[in-house]
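Listed here are the chains, written in short residue letters.
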Amino acid sequence: MNNFRWALTALCLLLLNNAGAQTKTKAGQNPTANPEKSFLNPPPAAKPGVLWMWMGANVSKAGIRKDLEALKKEGFNRTTMFSLADVTTPWAGSIGNSPTPEIISWTEPWWKMVRYAAEESKRLGMDFGMYNGPGYESSGGPWVTPEQSMQEVCWSATPVSGNTHVAIKLSRANVKLRGHTPWPIHNPKTGIAEIPDVPARQTYYKDITVLAMPEKGTVLTSQVIDLSKNMQPDGSLSWDAPAGNWIIYRFGHTTSGTMIQPAQWQATGLECDKISQQAIDFHLDHVIGEIQKHIGDLIGTGFNHLHFDSYEAGTPTWTPLMPQEFLKRRGYSVMPYLATFAGRVVCDDKSDSLKFVRDFDATVKDLYRDIYFKTIAKKVHAAKLQFLCEPYGGPWRQDEIMPLVDKVMTEFWTHGGKYSPYELETTVQALRKSGQNIVEAEAFTGDPRDSKWDETPAWIKPMGDAAFCEGVNRLILHRFVQQPWDAKYLPGLTMGQWGTHFDRTQTWWEPGKALVDYWQRCQALLQWGRIAKADKDDVTITGAQAGSVLKNIHRTDGKTDIYFVANTAHQPITASCTFKIAGMQPELWDPVTKTMRNLPNFNSDMGRTSITINFDDAQSFFIVFRKKSVTPVASAANFPTKKTLQTLGGSWSVGFDDKWGGPAQPVTFTALEDWTKRSEPGIKYYSGTAAYTKTFDLADVAAKEKANTYYLDLGEVKHLARVKVNNTDLGVVWTAPWGVSIPAGILKSKNNKLTIEVTNVWANRLIGDEQEPADCEWLHGQWGGDYLKEFPDWFLKNEQRPSKGRYCFTTWNYFTKDSPLISSGLIGPVSLKKE
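Residues numbered from 1 in each chain as written. Predicted model: local features only at pLDDT ≥ 70, side-chain atom pairs only at ≥ 80, totals over all residues. Heavy atoms only, no water.

Student: Which parts of the structure should I look at to understand the packing of aromatic side chains?
Tutor: Considering all chains together, one arrives at 70 aromatic pairs under this definition. Judged by centre distance (5.3 Å) and plane angle (40°), the ring pair of Phe 39 and Trp 589 falls under tilted. Separated by 550 residues along the polypeptide, Phe 39 in helix H2 (residues 35-40) and Trp 589 in strand S30 (residues 584-590) bring together distant segments of the chain. Judged by its relative accessible area of 0%, Phe 39 is buried. Their ring planes at 85° and their centres at 6.0 Å tell us that Tyr 563 and Phe 625 sit as a pair that is edge-to-face. Placement of Tyr 563 in strand S28 (residues 561-567) and of Phe 625 in strand S34 (residues 620-628) is noted, with a sequence separation of 62 residues between them. When its relative accessible area of 0% is taken as the criterion, Tyr 563 is described as buried. Using a relative accessible area of 0% as the deciding quantity, one classes Phe 625 as buried. The ring centre of Phe 669 lies 4.2 Å from the NZ or CZ of Arg 678, which sits over that ring. Over the face of the ring belonging to Trp 652 we find Lys 694, whose NZ or CZ atom lies 4.9 Å from the ring centre. (Phe/Tyr/Trp six-rings, centres within 6.5 Å; stacked < 30°, edge-to-face > 60°. Helix = DSSP H or I, 4+ residues; strand = E, 2+ residues; numbered from the N terminus. Buried < 20%, exposed > 50% of the residue type's maximum accessible area, 1.4 Å probe, protein only. Lys NZ or Arg CZ within 6 Å of the ring centre and 35° of its normal.)

Written out as structure tokens, the structure reads:
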């Protein structure tokens, strides 16, 4: 007769969504007191981090070293490691025929890998930490016994007739073997993904009380009879029942059977009881004890934090000391009201079932605060570690527990290519109330509908900008997968279903550093100063569609005011932006190009400054007020039109990498065109970088302007381009506007050598591989795509693969041979303009 789901509903235990991310930094503490210095040379605090996914047994020391070195070079400085199943399907899944089956999370071979990661992090000066157990939900592991696990109330109900002596044997509650794990797990015993049976749900049981009450109707507490002393340990009960029809409830508790996930099957265990001091002490002592045993000498130098992710473990309905805790906190006994769990209405002159539900809910929230969160903070700090958390989704009051967390993290997703926050606003507001400055975010979490090796920095940018405007000022990317294998196996290991592909095996990983540099500059200024006091009139925006897609945030130190204004749409927009500032010179700081300049044309009146701003596709700027204004120049243009001097038409020599199926020799393109429109399979299905080269002379009109700065407009680019002119590297173009400035003195009248290295995404090569015979077996994922059934023998033996026309190897496949190709290459037109 157990009804756990009804109990959850009846108890109205609210799930508090969202997570903020921040260090415990007072609002006035800044990375640097000088915003210009911070913008031009971002401090370490402005560097983003990653959630580092170790997928099952697929971990290697060589891969760990390469991962960390690549992250360091790219501009990241924090990794938070999660030890997961081989693949998420989205559930915990396994890939057979593992090359390293001995590596099981939280066992000795695995700890050797963790220690190596800590040593390498120390060498590289990076912040390294990990989740508080296997998987990413929530707090538990195979060391948690049924007694220490999350508990639920259960009961049996036996009807009896009164006015007689009753001698019966009360049965224990009959609960289902299947536990309350929220998501399925790949069960190697059955070979399917399912919520597993937990035998302890029928072998572990503790009595709470025995209550008799009238069979029907609302029950007064005075009518509830405690028969606990009448029952023997075997359930035998003797009672002289008064007249009437009665029900005898035998209340007890057992494990809810809630298991952590998504971990390797051998590392999967029960969630600990988070409102039991004894249980949470045991779990944390085990976790911290193992850390101290294996890497204790590296704490503070190579290993720095313990993470607790967003909560999906459900709500417990019991803990052994609940009667004492409830009485202490609410002032009356929980016992007569236990029948509320069985659907009965119980009341007296002071309380009723509805009040009890609220009081029970409040008690659970109290215990999560006073036992779970306070114990974590105490023990983690005693171990000289930092407490990181996404404190949402669970039965607690968010504003009470966030001050206990050193770094709070929220999250946002990429649903439909649009910024999709998860209750982010609530968390940011709570953090600001507590005076905390840094707001971290699990950033760009995706699924196969949006993330299938087709993500680009330009696609990613406006979603990050929207998060910045909501108050986030440090991105922690979801996700970066540990790549254990040789570089010939690309794109390599995946998390499975989840996440945007931020991996060192990405085609655009190296040129993508330009995106990371952009984030650093943004985060440096968004951590500077403090959030300005909320004022609905602080910024007003007018212009076609501008109000709905232009987002902004304002920071100040009382003397300087900095506004981040972002176009979150993939279309150009011109808008009039009015700031509640007067008498100050507006400056435009561009975090993409790292440039700073005055805006000469503005209107300052009535305590406000109005500026017309041109935004390209997903373009963003910082508008800075730090100096007394000069007289505006009405005739000057804030965004001068660039005059086209010449178009670089004609043929281009394009060199591909034959290692990934491209032509072995450079190919002449008589005109710029999309690679997918070419007839050659090596170009049509190519993924990677191709170098376009061209030699050109300045046209007469351009030659006359040679003393000025030029601008090279690339036209349409799919998807990133590094530009070199006469062997001078002018940087990477990765977002609109798609061009680069050419400083004076670089161009010559004759024989200018132009090289444009264009990088696209992995999707086309993976689709090209699907034209070839299969040499791997796949199983279907839940929501899009297939995952590797087992590692093939040719992979294990490092032999040539049977399907010789295939170039890629990965553990998740999104494509068929008929999947649409993605436009790629330099499409242009390329033109030289006067800047």
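Student: Please explain the nonpolar core as it appears in this structure.
Tutor: What tends to happen in soluble globular proteins is that the nonpolar side chains get buried as a cluster. The biggest cluster of nonpolar side chains holds 211 residues, and the ones touching the most others in it are Trp 54, Met 130, Phe 444, Trp 519, Phe 564, Tyr 692 and Leu 714. Considering each element in turn, this core owes the most residues, eleven residues, to helix H8 (residues 353-382). Setting aside anything within four residues of it in sequence, one finds Leu 714 in contact with Ala 721, Val 723, Val 733, Trp 738, Gly 739, Ile 756, Leu 826, Gly 828, Pro 829 and Val 830. The next biggest cluster of nonpolar side chains, apart from the first, holds 22 residues, and it includes Val 549, Ala 575, Leu 599 and Phe 621. (Core = buried A, V, L, I, M, F, W, Y, C linked by side-chain atoms within 4.5 Å. Contact = heavy atoms within 4.5 Å.)

Student: It is not clear to me how the pattern of salt bridges should be interpreted in this structure. Could you clarify?
Tutor: Opposite charge on two side chains allows them to pair when their charged atoms are near. Enumeration according to the criterion identifies 49 salt bridges in this entry. Two residues, Asp 769 and Arg 765, come together in a salt bridge whose shortest N-O distance is 3.1 Å. Highlighted residues: Asp 769 and Arg 765, both in helix H16 (residues 763-769), separated by four residues, approximately one helical turn. On the basis of relative accessibility, which here comes to 5%, the residue Arg 765 falls in the buried class. A cluster of three or more residues bridged by salt bridges with shared partners is formed by Glu 325, Lys 328, Arg 329, Arg 330, Asp 366, Arg 369, Asp 370, Lys 374, Arg 397 and Glu 400. (Salt bridge = Lys/Arg side-chain N within 4 Å of Asp/Glu carboxyl O.)

Student: I'm lost on the sheet that holds strand S26 (residues 539-542) in this one. Help?
Tutor: Paired through backbone hydrogen bonds, the strands of a sheet run either parallel or antiparallel to each other. Ordered by their spatial adjacency, four strands build an open sheet running S26-S29-S33-S32, and the pairing between neighbours is antiparallel. If you trace the sheet from one side to the other, it starts and ends with S26 and strand S32 (603-605), each paired once. Direction aside, the axes of adjacent strands within the sheet are offset by 25° on average. Here seven bridges tie strand S29 (residues 573-579) to strand S33 (residues 608-615), and the two strands are oriented antiparallel to one another. (Pairing = 2+ DSSP bridges. Axes fitted to C-alpha atoms, helices over the stretch in contact; angles between N-to-C directions.)

Student: Whenever I open this one, the sheet that holds strand S11 (residues 206-214) confuses me. Can you help?
Tutor: The four strands are arranged S7-S15-S11-S13 in an open sheet whose pairing can be described as antiparallel. Sheet topology places strand S7 (151-161) and strand S13 (225-226) at the edges, where each strand pairs with a single neighbour. One ladder, built from eleven bridges, connects S7 with strand S15 (residues 245-255); its direction is antiparallel. The residue bridging Pro 159 from the neighbouring strand is Ile 247, located in S15.

Student: Help me understand unusual backbone geometry, please; the structure alone is not making it clear to me.
Tutor: Leaving glycine out, the prevailing phi sign among residues is negative, and the prevailing peptide bond configuration is trans. With an omega of -5°, the peptide bond running from Gln 261 to Pro 262 counts as cis. Turning to its location among the elements, Pro 262 is positioned in the loop between S15 and strand S16 (270-271). Put simply, Leu 490 and Pro 491 share a cis peptide bond, and its omega is 0°. Residue placement: Pro 491 occurs in strand S24 (residues 491-492). A positive phi is found at Asn 726, a non-glycine position, where the angle reads about 50°. With respect to the element layout, Asn 726 can be found in the loop between strand S41 (720-725) and strand S42 (728-733).

Student: Looking at this structure, how should I read the packing of helix H3 (residues 61-74) against helix H4 (residues 108-124)?
Tutor: Packed helix pairs are characterised by how far apart their axes lie and by the angle those axes make with each other. Where H3 contacts H4, the two axes come as close as 10 Å, and the packing angle between them is 30°. Classed by the angle they form, the pair H3 and H4 counts as roughly parallel. Read as a crossing pair, H3 and H4 show a hand that is right-handed. Packed against H3, whose contacting residues are Lys 61, Ile 64, Arg 65, Leu 68, Glu 69 and Lys 72, the element H4 presents Lys 112, Met 113, Tyr 116, Ala 117, Glu 120, Ser 121, Arg 123 and Leu 124 at the interface. (Parallel < 35°, antiparallel > 145°, perpendicular 65-115°, else oblique. Left-handed = near helix turned anticlockwise from the far one by under 90°.)

Student: I keep staring at the confidence of the model for the protein and nothing clicks. Help me out?
Tutor: A low pLDDT means the predicted coordinates there should not be read in detail. Residues at a pLDDT of 70 or more form 95% of the protein, whose mean pLDDT is 93. The low-confidence segment residues 1-29 (pLDDT under 50) makes 123 contacts with residues lying over four places distant or belonging to another chain. (pLDDT = per-residue confidence, 0-100.)

Student: What is the right way to read the side chain of Ser 105 from this model?
Tutor: Mapped onto the fold, Ser 105 is located in the loop between strand S4 (92-93) and H4. You can call Ser 105 buried: its relative accessible area is 4%. A distance of 3.0 Å separates polar atoms of two side chains, one belonging to Ser 105 and the other to Ser 83. Beyond its immediate chain neighbours, meaning those up to four positions away, Ser 105 contacts Ser 83, Trp 110, Pro 134, Gln 264 and Ala 267. (Polar contact = N/O pair within 3.5 Å; in protein donor to acceptor, adjacent residues only side chain to side chain.)

Student: Could you clarify how one ought to interpret helix H10 (residues 424-433) in this entry?
Tutor: In an α-helix, one turn spans 3.6 residues; hence positions three or four apart end up facing the same way. For H10, the set of buried residues is Leu 424, Thr 427, Val 428, Ala 430 and Leu 431. Summarising the axial view, the buried residues of H10 lie within an arc of 165°, below the 170-degree limit, and thus occupy one face. Buried-residue contacts for H10 involve helix H9 (398-401), strand S20 (407-413), strand S21 (420-421) and helix H11 (457-470). (Arc of directions from axis to C-beta.)

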